[in-house]
Amino acid sequence: MPIDIAVVPVAGRGTRLLPLTKSQPKEMLPVGSKPVVQYVVEELARCGIHRLLFVTGPGKTAIENHFDIDSELIDHLRETGKEELLEDLAFEREDLQYFYTRQRRQLGLGHAVLCAEPVVDGQDFVVALGDSIIGLHAQSTVVRTMTELFETAAAAAVIAFEEVPPEEVVHYGIAQPKGRLDDVFELADLIEKPDVREAPSNLAVAARYVFSPAIFDYLRNTEPGKGGEIQLTDAIQALIHDGGRVMGVRLPPHQARFDIGNFESYFQAFIEFAMADPDYGERVKAFTRKLLSGGDEVE
Ligand code: UTP
């Protein structure tokens, strides 16, 4: 059976975005006209996912509310003659089933994935980070490529990677490819936050994964690392060291990762999405050009 379930971890505290995230989930921050997590769900739906399991935590109920069908709002729009706005709520009625489980203590991404085990229940599954969009307006099909590769390569895991500038490898899990580096490659190892001189490549883990349920055993046996967190990369590394076949897929051109986890990349994502907005993009661009040409205050 094709993989049709995705785990979306959204329980992180988002401390790098304080004070913005003090009382609202970073996964609900707007990027252009939609919240981050709506793009994630639309991307997954396009890639053949029908069941979504959110791993949530304190202060994240806005995410559950966002995906509920709001019949009162629908009635209100109808009664007040604003039918055209109903189209913006079409995502509510996508052919998707939503499930929610709680990560009761924020012990890291690996631990959040482990919280999904009882629901995933022995099936192969996708993990899509709830704070990252792939492709402008989430027009990426990389998850479909990854689930297909997972089947054809009989892999234990498939991971998306993106190229990062050499000076940034120190912030990411970095691929050490086995043999030739193609758009699709096998991993010899995955190195967490290497020094730039020791980095085996500049390909960084990019927020989308496919796993067999074997990953749960590795997560259970992963010792907490920095900050007491259980790291997903440590579990993947152990899987590779045990002879598990782990494949990498490079994000295709024009399917970049937009990381909403820190201010710099969040601001960049917002600007790019707003400029590409079908209704307002041209006016935003004109405004930006005016700002840039007119003031010394904007470099
Ligand atoms: P991050 O690695 O950015 O961690 O999460 P974070 O805790 O949210 O952010 P900072 O470092 O405090 O700023 C990547 C994804 O994994 C989820 C987050 O919600 C985000 O979507 N996550 C992270 C969890 O679900 N649980 C965790 O314990 C950590």
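A brief look at the structure comes next. For clarity, every value in this text was computed on a predicted model and none was experimentally measured.

The rules we used
- Residues numbered from 1 in each chain as written.
- Predicted model: local features only at pLDDT ≥ 70, side-chain atom pairs only at ≥ 80, totals over all residues.
- Heavy atoms only, no water.
- Helix = DSSP H or I, 4+ residues; strand = E, 2+ residues; numbered from the N terminus.
- Rg over C-alpha atoms; globule rule 2.2 N^0.38 Å.
- Buried < 20%, exposed > 50% of the residue type's maximum accessible area, 1.4 Å probe, protein only.
- Contact = heavy atoms within 4.5 Å.
- Areas by Shrake-Rupley, 256 points an atom, 1.4 Å probe, with all protein chains shown as cover.
- Pairing = 2+ DSSP bridges.
- Near = heavy atom within 4 Å.
- Polar contact = N/O pair within 3.5 Å; in protein donor to acceptor, adjacent residues only side chain to side chain.
- Nonpolar A, V, L, I, M, F, W, Y, C, P; charged D, E, K, R; others polar.
- 1 Å grid on protein atoms, 1.4 Å probe; cavity = no way out; pocket = protein on both sides within 12 Å on 5 of 7 lines; lining within 4 Å.
- Points joined across faces, edges and corners; volume = space filled by probe spheres on them.
- Phe/Tyr/Trp six-rings, centres within 6.5 Å; stacked < 30°, edge-to-face > 60°.
- Expected span 1.5 Å × (residues − 1).
- Arc of directions from axis to C-beta.
- Salt bridge = Lys/Arg side-chain N within 4 Å of Asp/Glu carboxyl O.

1. What about the overall build of the chain?
Thinking step 1. The secondary structure content of the chain amounts to 10 helices and 13 strands.
Thinking step 2. Relative to the 2.2 N^0.38 estimate, which gives 19 Å for 299 residues, the radius of gyration of the chain is 20 Å and therefore close to what a compact globule would have.
Thinking step 3. Split into buried and exposed, the 299 residues of the chain put 49% on the buried side.
Thinking step 4. When contacts within the chain are restricted to residue pairs at least 6 apart in sequence, long-range pairs at least 24 apart make up 76% of them.
Thinking step 5. Here the chain displays about 15300 Å² of accessible surface, and carbon together with sulfur accounts for 50% of that area.

2. Looking at the pairing of strand S4 (residues 51–56)
Thinking step 1. Most of S4 is tucked away, with 6 of its 6 residues classed as buried.
Thinking step 2. Because side chains alternate across S4, one face comprises the buried residues Arg51, Leu53 and Val55, and the other comprises Leu52, Phe54 and Thr56, equally buried.
Thinking step 3. With 5 bridges joining them, strand S1 (residues 5–9) and S4 adopt parallel strand pairing. In the sheet register, Pro9 faces S4, and the bridge partner there is Val55.
Thinking step 4. In the sheet, S4 pairs with strand S5 (residues 97–102) via 6 bridges, with the strands oriented parallel. Paired with Leu53 across the strands is Phe99, a residue of S5.

3. Structural notes on the site of the ligand
Thinking step 1. Close contacts around the ligand come from 18 residues, with Gly12, Thr15, Arg16, Glu27 and Gln103 the closest.
Thinking step 2. Here an oxygen atom of the ligand sits 3.4 Å away from a polar atom, N or O, in the main chain of Arg13.
Thinking step 3. The separation between an oxygen atom of the ligand and a polar side-chain atom of Lys26 is 2.8 Å.
Thinking step 4. Taken by itself the ligand offers 570 Å² of open surface, and the protein chains cover 84% of this.
Thinking step 5. Of the residues in the shell around the ligand, the class split is 6 nonpolar, 7 polar and 5 charged.

4. Details of the layout of surface pockets
Thinking step 1. Estimates place the volume of the second largest pocket at around 490 Å³.
Thinking step 2. Ser33, Lys34, Glu42, Asp88 and Pro278 are, among the 19 residues lining the second largest pocket, the residues nearest its centre.
Thinking step 3. A total of 4 residues in the lining of the second largest pocket trace back to one element, the largest contributor, which is helix H1 (residues 36–46).
Thinking step 4. In the lining of the second largest pocket, the residues fall into 7 nonpolar, 5 polar and 7 charged.

5. What to know about the packing of aromatic side chains
Thinking step 1. Scanning the entire structure with this criterion turns up 12 aromatic pairs.
Thinking step 2. The interplanar angle of 0° and the centroid separation of 5.2 Å between the aromatic rings of Phe125 and Phe216 together place this pair among those described as stacked. Taken together, the positions of Phe125 in strand S6 (residues 125–128) and Phe216 in helix H7 (residues 214–220) put the pair 91 residues apart, joining distant regions of the chain.
Thinking step 3. By relative accessible area, which is 1% here, Phe216 ends up buried.
Thinking step 4. Plain terms: the ring middles of Phe258 and Phe273 are 4.9 Å apart, the flat faces sit at 90° to each other, and that makes the pair edge-to-face. Remark: Phe273 occurs in helix H9 (residues 263–275) and Phe258 occurs in strand S13 (residues 257–259); sequence separation between them is 15 residues.
Thinking step 5. Judged by relative accessible area, Phe258 falls into the buried class, the value being 8%.

6. Considering H9
Thinking step 1. The end-to-end C-alpha distance of H9 is 18 Å, a good match for the 18 Å that 13 residues give at a rise of 1.5 Å each.
Thinking step 2. Taken together, the buried positions of H9 are Ser265, Tyr266, Ala269, Phe273 and Ala274. Seen end-on, H9 carries its buried residues on one side only, within an arc spanning 160°.
Thinking step 3. The elements touched by buried residues of H9 are strand S2 (30–31), H1, strand S7 (132–134), S13 and helix H10 (281–294).
Thinking step 4. If you check the start of H9, you find a side-chain oxygen 3.2 Å away from the backbone N of Glu264, and it comes from Asn262.

7. Let's talk about the pattern of salt bridges
Thinking step 1. Tallied over the full model, the rule gives 14 salt bridges.
Thinking step 2. Between Glu163 and Arg250 there is a salt bridge, with its nearest N and O atoms 2.6 Å apart. Taken together, the residues span a long stretch of sequence, with Glu163 in strand S8 (residues 157–163) and Arg250 in strand S12 (residues 246–250) at a distance of 87 residues.
Thinking step 3. The partner of Glu186 in a salt bridge is Arg245, with the nearest N and O atoms 2.7 Å apart. With Glu186 in strand S10 (residues 184–192) and Arg245 in the loop between helix H8 (232–241) and S12, the pair connects residues that are 59 residues apart, well separated along the chain.
Thinking step 4. It is possible to trace a salt-bridge network through shared partners that takes in Glu117, Asp217 and Arg220.

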